[in-house]
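What the coordinates show
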Amino acid sequence: MQAKVAGAVAQHEVKHMIERVHRKHQELREKGLPSGGGGPFGFKVGGIEHDDEEAALIVEATARILNGASLASIIREWNEAGVKTTRGGKWHYSSFTSMIRRWRNAGIREHKGEPVGPAAWEPIVTEDELRKPRSVLDSRSAGRTTRASVGSTC
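Residues numbered from 1 in each chain as written. Predicted model: local features only at pLDDT ≥ 70, side-chain atom pairs only at ≥ 80, totals over all residues. Heavy atoms only, no water.

**Re the overall build of the protein**
A count of helical and extended segments in the protein gives five helices and two strands. Traced from its N-terminal end to its C-terminal end, the protein shows the element sequence α-α-α-α-β-β-α. Taking as baseline every contact in the protein between residues at least 6 positions apart, the subset at least 24 positions apart corresponds to 50%. For the protein, the accessible area works out to roughly 10,300 Å², and carbon and sulfur atoms hold 54% of it. (Helix = DSSP H or I, 4+ residues; strand = E, 2+ residues; numbered from the N terminus. Contact = heavy atoms within 4.5 Å. Areas by Shrake-Rupley, 256 points an atom, 1.4 Å probe, with all protein chains shown as cover.)

This is the structure in structure tokens:
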């Protein structure tokens, strides 16, 4: 019986802890503040101030995409130049496209990939400058084909 009571109390506390965390994240979204963690690419730790070198790379890559440059060429150049992801790794298609498409880059707070309002940080690119590469990347991915794996019925 004591184990059941202790389990119920623990379960109750976990439920309330989750609610507190959700409320805190909602409050941060409403204020346009980052929700913690290190600084994403283009920003210093804390996520408010720009990292000038990384922000310049984002601006340049955005312009190059609009001018028709391939993502592979940008990724290859960044890796050859020693530009690292925020986790210290090499750039790959998925990490690069996630970073370059972020609403955060235009000073817009996002939640689950959707814009939710203005952010507390200055934009690296304008909203219009962000929307254009997003649409270019969306149209490129719509035209991509996937290969069927060996033995599949596709």
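**Structural notes on the pattern of salt bridges**
For the structure shown, the criterion picks out five salt bridges. A salt bridge links Arg 101 to Asp 138; its shortest N-O distance comes to 2.5 Å. Here Asp 138 lies in helix α5 (residues 127–142) and Arg 101 lies in the loop between α4 (93–100) and β1 (108–111), a separation of 37 residues in the sequence. (Salt bridge = Lys/Arg side-chain N within 4 Å of Asp/Glu carboxyl O.)

**Focus: the side chain of Arg 104**
With respect to the element layout, Arg 104 can be found in the loop between α4 and β1. Although Arg 104 is buried, it forms no salt bridge, and the closest oppositely charged side chain is Glu 110 at an N-O distance of 6.5 Å. (Buried < 20%, exposed > 50% of the residue type's maximum accessible area, 1.4 Å probe, protein only. Lys, Arg positive; Asp, Glu negative; His and termini not counted.)

**Describing the nonpolar core**
Phe 41, Trp 78, Trp 91, Phe 96, Met 99 and Ile 100 are the most contacted members of the largest nonpolar core, which totals 26 residues. Examining the composition of this core, we find that five residues originate from one element, helix α2 (residues 52–66), more than from any other. The contacts of Phe 96, once residues within four sequence positions are left out, are Ala 61, Ile 65, Leu 71, Ile 74, Ile 75, Trp 78 and Trp 91. (Core = buried A, V, L, I, M, F, W, Y, C linked by side-chain atoms within 4.5 Å.)

**Some thoughts on the pairing of strand β2 (residues 114–118)**
Pairing of β1 with β2 involves four bridges; the strand directions are antiparallel. Residue pairing across strands places Ile 108 opposite Pro 118, the latter belonging to β2. In this structure, the hairpin formed by β1 and β2 is closed by a connection of two residues, where Lys 112 is found at a positive phi of approximately 55°. (Pairing = 2+ DSSP bridges.)

**Describing α2**
When the terminal C-alpha atoms of α2 are compared, their 21 Å separation across 15 residues agrees well with the 21 Å that a helix rising 1.5 Å per residue should span. Looking only at α2, the buried set comprises Ala 55, Leu 57, Ile 58, Ala 61, Thr 62 and Ile 65. Projected down its long axis, α2 carries its buried residues within an arc of 155°, all on one side. In α2, the exposed positions angled more than 90 degrees off the buried face are occupied by Asp 52 and Glu 53. (Expected span 1.5 Å × (residues − 1). Arc of directions from axis to C-beta.)

**Concerning unusual backbone geometry**
The phi dihedral of Lys 112 falls on the positive side, at around 55°, and the residue is not glycine. Looking at where Lys 112 falls in the secondary structure, it is placed in the loop between β1 and β2.

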